[in-house]
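A structural walkthrough
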Amino acid sequence: MVRPSKPVAVAANKTQVADLYRQLLSSERLRETTDKVRAGDPNQEAISDTGRIVRSSPFRRLQSKAQVFSMVRSGAVRTRLTHSIEVSNYGELIAEPLVRRLIAKGHLSEDLRFPFIKTVSNACLLHDIGNPPFGHMGEYAIQTWFEENKTKLRGAWVGFGKLKGDAFKRHLDAYSNFDGNPHGFRIITRLQWFHDEYGMNLSLSLLASYLKYMGERPANKGKFRKKGGYFPTEEEVVKEIWKRLKLNTDSQGLPLQRHPLVFLMEAADDISYCLSDIEDALEQRIISEAAFLSWVESKGFSLDDVKQQAEKLKKSKKKEDALTTNGAYHIFRIKYSGDLVTRAVDAYERNEDRILSGEMDRSLLSTDIKATSFLDMLKGFCAEYVYTSRQAIETELGGLNAIKRLLDAYKPMMLMKTQAFDKLRNPENKDRLRTYPILSLLYSLLPNKHVAAYEWFTSRDGDLEPFYRAQLVVDYIAGMTDSHVLKIFNMINGTQQFGIE
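The structure displayed is predicted, hence computed values, not measured ones.

1. Looking at the overall build of the chain
Per the secondary structure count, the chain includes 24 helices and zero strands. Its C-alpha radius of gyration of 24 Å places the chain within 12% of the 23 Å reference for a compact globule of 501 residues. Projected onto the principal axes, the alpha-carbon positions of the chain cover approximately 75 × 55 × 45 Å. For the chain, the share of sequence-separated contacts (at least 6 apart) that also reach a separation of at least 24 residues comes to 73%. For the chain, the distance from the average site of its 73 positive side-chain charges to the average site of its 64 negative ones is 2 Å.

The structure is reproduced here in structure tokens:
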């Protein structure tokens, strides 16, 4: 087992801890930085990471992916983009006071203040970048499609090169258990193709800070393995990152330890999403403020201070103090999000030894009884009243059907022989439109950068070509916005309705 030099006793050796943080906040990239002026400046490299994220098309497309409710023209509810920005802000709110504490204790060098905070913020910006259209229902649609078509895919693939036995199961399992987390890692390391296979070529510290789950597929045992963290196609990238950052690995070089900053990104998301989803439900009038506050009190949480502040503002004669619609909820959100931020900072400091040594086996906020109780209460309310609302269900069911039908349309392409697929995609084959009239049109929709990734993978390992072809199709569909899925679905089914996307 490879370990980061040696697990250190944080309180006993400040120099070792400071050196470990410097090692883990490496601004190196998988491909060396070409800008020699910026190279080696951790502040500039962290800013460069932000630029690579916010200027990327997958990040921009988050503006047209629903958080919970279908997007409305007024922009009143959150999209995946605005949610990611909010999570990034919570990440900074957690990281900044934590950094001050770490510097004061001699655990972190002053010159790493900005890279630490910015890397947390950047990881938060990225945390949802792999979400397919229609969120968790989109994930479910892809999972069930591959499970339902497993027999046909096996019949077409097994016996081809390496796609036999365990190899077939391993690669197919990755998509029978499809999840936005490994797809996001694939996007940032492969699919943002510029001129080579390094994708966005983000810093090693940021790539490691993105990876919440440490296996390539869900597992019943092991830390942080309830979901897959990466696909088999990105395994070598993960190995290289963990090797260069000297994080704990098993005998095969695969992760046994999370990067410490992942815990901060995860805490920021935990604080954000339930509070935000409830606020959107209030905005959509799915629930009332009074009903929510009453429900919270019924679970044993005192809201006396929230109610007192709201009542004071209501009675104020100053126009500028007037309480807006759902103002009491805003007071509630501000108060408790601030409390959770402080608890996350305290939890990291309390568990720093275990986090740095790789022994930490749970999320930060789950180590705090009060934070856990509060978040469980919010999740319970969302499960009962928000995620089961008619608006949320209609959005998800519409997306489920559209995604599965798109995969059905591309299924003949996934099942055909490699030689036939080569003819289909060969621009010099003048007969392809006549031989494959529908598939030729469907192939023309595939993004060039995804095709470039497919060609790179097959050039390195042609024995896995049928799987890479299926992966190419999923890369395309999973990268779509909600509205684009519906547009292509309607186009294929002859029910195209033109309008605002």
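2. Notes on the nonpolar core
The biggest cluster of nonpolar side chains holds 152 residues, and the ones touching the most others in it are Phe 116, Ile 188, Ile 241, Phe 332, Leu 378 and Met 413. Among the elements that make up this core, the one with the highest residue count is helix 12 (residues 260–283) (13 residues). Excluding its chain neighbours within four sequence positions, the residues that come into contact with Phe 116 are Tyr 21, Leu 25, Ala 95, Leu 98, Val 99, Leu 102, Leu 108, Leu 261 and Leu 264.

3. A look at unusual backbone geometry
In this structure, Phe 224 takes a positive phi of about 55 degrees despite not being glycine. Although it is not a glycine, Lys 246 sits at a positive phi angle of roughly 60 degrees. The topology assignment puts Lys 246 in the loop between helix 11 (235–245) and helix 12. Judged by relative accessible area, which is 45%, Lys 246 ranks as partly exposed.

4. A look at the confidence of the model for the chain
The share of residues in the chain with pLDDT of 70 or more is 91%, and the mean pLDDT across the chain is 89. Here residues 1–11 is a poorly scored stretch, pLDDT under 50, and it has 26 contacts once near neighbours within four places are set aside; other chains count.

5. A few points about helix 2 (residues 42–54)
Here helix 2 contains 13 residues, and its C-alpha end-to-end distance of 19 Å stays within 8% of the 18 Å for a straight helix at 1.5 Å per residue. Here helix 2 has its buried residues at Glu 45, Ala 46, Ser 48, Asp 49, Thr 50, Gly 51 and Ile 53. Those residues of helix 2 hidden inside the fold are in contact with helix 3 (57–61), helix 5 (113–126) and helix 10 (204–210).

6. What about the environment of Ile 287?
Structurally, Ile 287 can be placed in the loop between helix 12 and helix 13 (289–298). A residue is classified by how much of its surface remains accessible, and Ile 287, at 12% relative accessible area, is buried. Along the sequence, Ile 287 and Tyr 385 sit 98 residues apart, while their C-alpha atoms lie 7.5 Å from each other. If sequence neighbours within four positions are ignored, Ile 287 has contacts with Ile 278, Ala 281, Leu 282, Phe 381 and Tyr 385.

7. What to know about the packing of aromatic side chains
A full pass over the atoms with the stated rule returns 27 aromatic pairs. Ring centres of Trp 145 and Phe 146 lie 5.0 Å apart, and the angle between their planes is 80 degrees; this geometry places the pair in the edge-to-face category. Since its relative accessible area comes to 2%, Phe 146 is described here as buried. A network of ring pairs unites the aromatic residues Trp 145, Phe 146, Tyr 175, Phe 178, Trp 193, Phe 231, Trp 456, Phe 457, Phe 467 and Tyr 468 as a single cluster. The ring of Phe 224 carries the charged tip of Arg 258 above its face, separated from the ring centre by 3.8 Å. It is Arg 258 that lies over the ring of Phe 263; its NZ or CZ is 4.9 Å from the centre.

8. Quick word on the packing of helix 13 against helix 15 (residues 327–350)
At a minimum axis separation of 9 Å, helix 13 and helix 15 run at an interaxial angle of 40 degrees. When the interaxial angle is binned, helix 13 and helix 15 end up oblique. Note that helix 13 runs across helix 15; the crossing there is left-handed. Residues Glu 289, Phe 292, Leu 293 and Val 296 of helix 13 touch helix 15, and the partners they reach there are Gly 327, Ala 328, Tyr 329 and Phe 332. Classifying every residue of the contact of helix 13 with helix 15 gives six nonpolar, one polar and one charged.

9. Points about helix 19 (residues 418–425)
Those residues of helix 19 that sit buried are Thr 418, Ala 420, Phe 421, Leu 424 and Arg 425. All buried residues of helix 19 project into a common sector of 155 degrees when viewed along the axis, lining one side. Residues Gln 419 and Lys 423 are exposed on helix 19 and point more than 90 degrees away from its buried face.

Reading the values: the criteria
Residues numbered from 1 in each chain as written. Predicted model: local features only at pLDDT ≥ 70, side-chain atom pairs only at ≥ 80, totals over all residues. Heavy atoms only, no water. Helix = DSSP H or I, 4+ residues; strand = E, 2+ residues; numbered from the N terminus. Rg over C-alpha atoms; globule rule 2.2 N^0.38 Å. Contact = heavy atoms within 4.5 Å. Lys, Arg positive; Asp, Glu negative; His and termini not counted. Charge placed at Lys NZ, Arg CZ, Asp CG, Glu CD. Core = buried A, V, L, I, M, F, W, Y, C linked by side-chain atoms within 4.5 Å. Buried < 20%, exposed > 50% of the residue type's maximum accessible area, 1.4 Å probe, protein only. pLDDT = per-residue confidence, 0-100. Expected span 1.5 Å × (residues − 1). Phe/Tyr/Trp six-rings, centres within 6.5 Å; stacked < 30°, edge-to-face > 60°. Lys NZ or Arg CZ within 6 Å of the ring centre and 35° of its normal. Axes fitted to C-alpha atoms, helices over the stretch in contact; angles between N-to-C directions. Parallel < 35°, antiparallel > 145°, perpendicular 65-115°, else oblique. Left-handed = near helix turned anticlockwise from the far one by under 90°. Nonpolar A, V, L, I, M, F, W, Y, C, P; charged D, E, K, R; others polar. Arc of directions from axis to C-beta.

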